[in-house]
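# Overview (structure and organization)
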Amino acid sequence: MALPTPQADTTAIVTGASSGIGAEIARELARRGHGLTLVARREDRLKALADELAQAHSVRAEVIAADLTDAGSRGELPAQLAARSLTPDILVNNAGFTTMGAVQKADRAAELAMVRTNVEAVVDLCTLFVPGMVQRRRGAVLNTASTAAFQPLPGQAGYGASKAFVLSYGRALGAELRGTGVSVTTLCPGPVETGFAETAGMTDEEAGETLPRFMWIPVGDVARAAVEGLAAGRAVVIPGTANRIGAGLGHLAPKALLLPLMVKSHPRLKTDPTT
Ligand SMILES: NC(=O)c1ccc[n+]([C@@H]2O[C@H](COP(=O)([O-])OP(=O)(O)OC[C@H]3O[C@@H](n4cnc5c(N)ncnc54)[C@H](OP(=O)(O)O)[C@@H]3O)[C@@H](O)[C@H]2O)c1
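Now for a description of the structure that goes with this document. Here the structure is a predicted model, which is why all the values come from computation and not from measurement.

Definitions and limits used
- Residues numbered from 1 in each chain as written.
- Predicted model: local features only at pLDDT ≥ 70, side-chain atom pairs only at ≥ 80, totals over all residues.
- Heavy atoms only, no water.
- Axes fitted to C-alpha atoms, helices over the stretch in contact; angles between N-to-C directions.
- Helix = DSSP H or I, 4+ residues; strand = E, 2+ residues; numbered from the N terminus.
- Parallel < 35°, antiparallel > 145°, perpendicular 65-115°, else oblique.
- Contact = heavy atoms within 4.5 Å.
- 1 Å grid on protein atoms, 1.4 Å probe; cavity = no way out; pocket = protein on both sides within 12 Å on 5 of 7 lines; lining within 4 Å.
- Points joined across faces, edges and corners; volume = space filled by probe spheres on them.
- Nonpolar A, V, L, I, M, F, W, Y, C, P; charged D, E, K, R; others polar.

### A look at the packing of helix H4 (residues 108-136) against helix H5 (residues 157-176)
With their axes 9 Å apart at the nearest point, H4 and H5 run at an angle of 10 degrees to one another. As summarised for this structure, H4 and H5 are arranged roughly parallel, according to the angle between their axes. Contacts between H4 and H5 involve Glu 111, Met 114, Asn 118, Val 119, Val 122, Val 123, Cys 126, Thr 127 and Val 130 from the first element and Gly 158, Tyr 159, Ser 162, Lys 163, Phe 165, Val 166, Tyr 169 and Leu 173 from the second.

### Observations regarding the layout of surface pockets
Gaps between atoms show up when a probe of the same size as a water molecule is rolled over them. Here the second largest pocket defines a volume of roughly 230 Å³. Lining of the second largest pocket is provided by 13 residues; of these, Gly 174, Arg 178, Ser 183, Val 184 and Gly 233 occupy positions nearest its centre. A per-element tally of the lining of the second largest pocket places H5 first, with four residues. The residue makeup of the lining of the second largest pocket, split by class, is six nonpolar, five polar and two charged.

### Section: the side chain of Glu 62
Counting through the fold element by element, Glu 62 comes out in strand E3 (residues 61-65). If near-sequence neighbours (up to four positions away) are discounted, Glu 62 is found in contact with Leu 36, Thr 37, Leu 38, Arg 84 and Leu 86.

In short, the description is geometric, and any link to function would need to be established separately.
As structure tokens, this is what we get:
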């Protein structure tokens, strides 16, 4: 088992726990007896989840409201855990979002915030917390990428690239850590109904158009597959057979053929990508 045994003073940090996949991963870990440190910006939602987990599973659930685009806030996390006498033995880097549309029309601040959240925060939190896990010879890291990691994604170019980064980084880190007692799992979900589409400003119609209905997996199933994969020490978890096939095809397909088709079918590009 790659999942450390929960102890009174150990905690699982889950970023992006105020909604969607992160909240469900927190529930799944709590069900297995792990104490939680819930991180996101919306403190009220984190507090409600912490109360729910403490009541339902008798685990210690802490809340840290933080904007993960901010390097200063990220840098304070180890001291905030130490002040609560907590040792992080699980790190779930799950917070993330996508911008939508052609790069030529992109909002600079939104693009940078996406890269800071999806990429910089993952690297930073691994850099902050993995050394302690290695020293203690006990730890598990779960990073949320996406099936978008397996091929470029016109219409969400920065998002696709950010998730390719997370997948590559996690695989390399996992290889480095072999034999140290610390495992790394990269979760690559296909489409999941969460707050993701709304945050991206997608209409329901656009969300439905991104990928066919049979590829959508319920959020609880995604979280269960993620935590089971983490417990089994798997390097990559892609929930759902159709998504595993889609990821394989996306990876192998000649990009010169695939990308023009993707431009044509993306809801924000298919009308005219140059306007
Ligand atoms: N849903 C999908 O179809 C899908 C598919 C593949 C991969 N994913 C990935 O799954 C992960 C979770 O997304 P989701 O689907 O669960 O969407 P979601 O419901 O919108 O949740 C996103 C989470 O990220 C947090 N977050 C965003 N920006 C943040 C920031 N600057 N600082 C701290 N926390 C921040 C949000 O919390 P606050 O707003 O409270 O800060 C929220 O808890 C993301 O990495 C996403 O890319 C989603």
